[in-house]
Amino acid sequence: ATAKHVVVVGHGTSYGVAHHLAVGLTQLLGTASYVSSGSGDMFDRLATLTPEDVLVGVGLAPYIRHTIQAMDLARARRSVTIAITDSSASPLVPLADHVFITPIDALQYTWSPVGVTWISNVLLAGVIGHDYERTIEHRTARDDLMRRFHAVHDHPPRQVPPSPGRTPGRRR
């Protein structure tokens, strides 16, 4: 089934990956958004969640309370909930219908976003695979609009990858 709207929430150390996922979903579907407590309207925007929606919570230690609250609200509204997190002990796990856990350990002092970014990219690839024609059509329309309004530097048109099941052409 296809979600009516996908909402992605992530704060603190999770912000970058959550925003990346939301932008990717918006570019592919046009029905996704990033919600944050930083804008002051997080709960106003979450108030419209329905059982036809999906909320993706990205939460890494230390777990920010707003992400947990958003997951809890989505669950109460019977929206599908997905958690991307770093531990089975994460407070997002019991609130999620689907859970992706990845280590964030790194050689340096801080954490590494590699695993979380990989999961984000796998989810985006799954969206493309689920409805290839729709996602490419939406992405192409978006790219055309950006060129029309000169929002981006002129560049050659993006090579559209072949649909699953088609024989790919030669890559340049």
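Residues numbered from 1 in each chain as written. Predicted model: local features only at pLDDT ≥ 70, side-chain atom pairs only at ≥ 80, totals over all residues. Heavy atoms only, no water.

Caption draft 1: Just the overall build of the protein chain, in detail. Each helix and strand in the protein chain was counted, giving five helices and five strands. N-terminal to C-terminal, the α/β element order of the protein chain is β-α-β-α-β-α-β-β-α-α. When each of the 172 residues of the protein chain is scored for burial, the buried share is 36%. Counting contacts in the protein chain only where the partners sit at least 6 residues apart, residues at least 24 apart contribute 62% of the total. For the protein chain, the computed accessible surface area is about 10,400 Å², with 57% contributed by carbon and sulfur atoms. (Helix = DSSP H or I, 4+ residues; strand = E, 2+ residues; numbered from the N terminus. Buried < 20%, exposed > 50% of the residue type's maximum accessible area, 1.4 Å probe, protein only. Contact = heavy atoms within 4.5 Å. Areas by Shrake-Rupley, 256 points an atom, 1.4 Å probe, with all protein chains shown as cover.)

Caption draft 2: Expanded view of the sheet that holds strand β5 (residues 98-101). Across the sheet, five strands lie side by side as β2-β1-β3-β4-β5; this open sheet has parallel pairing. Whereas interior strands pair on both sides, the edge strands pair on one side only; in this sheet they are β2 (32-35) and β5. For this sheet, the mean inter-axis angle between neighbouring strands, taken without regard to orientation, is 15°. The pairing of strand β4 (residues 80-85) with β5 spans four bridges and is classified as parallel. By the bridge assignment for β5, Ile 84 is matched with Phe 100. Of the strands in this sheet, β1 (6-10), β2, β3 (54-59) and β4 touch helix α1 (residues 15-29), which is tilted by about 160° from β2. (Pairing = 2+ DSSP bridges. Axes fitted to C-alpha atoms, helices over the stretch in contact; angles between N-to-C directions.)

Caption draft 3: Quick peek at the environment of Gly 12. Mapped onto the elements of the fold, Gly 12 is located in the loop between β1 and α1. Sequence-wise, Gly 12 and Thr 67 are 55 residues apart; in three dimensions their C-alpha atoms are separated by 9.7 Å.

Caption draft 4: Summary view of the nonpolar core. Of all hydrophobic cores here, the largest spans 22 residues; its most connected members are Val 8, Leu 25 and Val 56. Those elements that provide at least two residues to this core are β1, α1, β2, β3, β4 and α4 (114-130). No other element matches α1, which puts seven residues into this core. Leaving out residues up to four positions away in the same chain, Val 56 has contacts with Val 6, Val 7, Val 8, Val 9, Leu 21, Ile 82 and Ile 84. Membership of the second largest hydrophobic core comes to 14 residues, among which are Val 7, Val 35, Leu 55 and Ala 96. (Core = buried A, V, L, I, M, F, W, Y, C linked by side-chain atoms within 4.5 Å.)

Caption draft 5: Local environment of unusual backbone geometry. In this chain, Ala 61 is followed by Pro 62 through a cis amide linkage whose omega measures 0°. A positive phi angle, near 65°, is found at Arg 78, a position not held by glycine. As for its placement among the helices and strands, Arg 78 is situated in the loop between α3 (65-76) and β4. Taking relative accessible area as the criterion, Arg 78 reaches 66% and is therefore assigned exposed. Phi at His 150 takes a positive value of approximately 55°, unusual for a residue other than glycine. Following the sequence through the fold, His 150 ends up in the segment after α5 (132-148). Overall, His 150 belongs to the exposed group, its relative accessible area being 67%.

Caption draft 6: Focus on the pattern of salt bridges. By the definition in use, this model includes five salt bridges. Residue Asp 143 is joined to Arg 142 by a salt bridge in which the shortest nitrogen-to-oxygen separation is 2.7 Å. When the shortest N-O distance is used, the salt bridge between Asp 144 and Arg 147 registers 2.6 Å. Pair noted here: Asp 144 and Arg 147 are both in helix α5, with a separation of three residues, about one helical turn. Arg 147 gets classed as partly exposed once you look at its relative accessible area, which sits at 26%. Via salt bridges that share partners, Arg 139, Arg 142 and Asp 143 belong to a single interconnected network. (Salt bridge = Lys/Arg side-chain N within 4 Å of Asp/Glu carboxyl O.)

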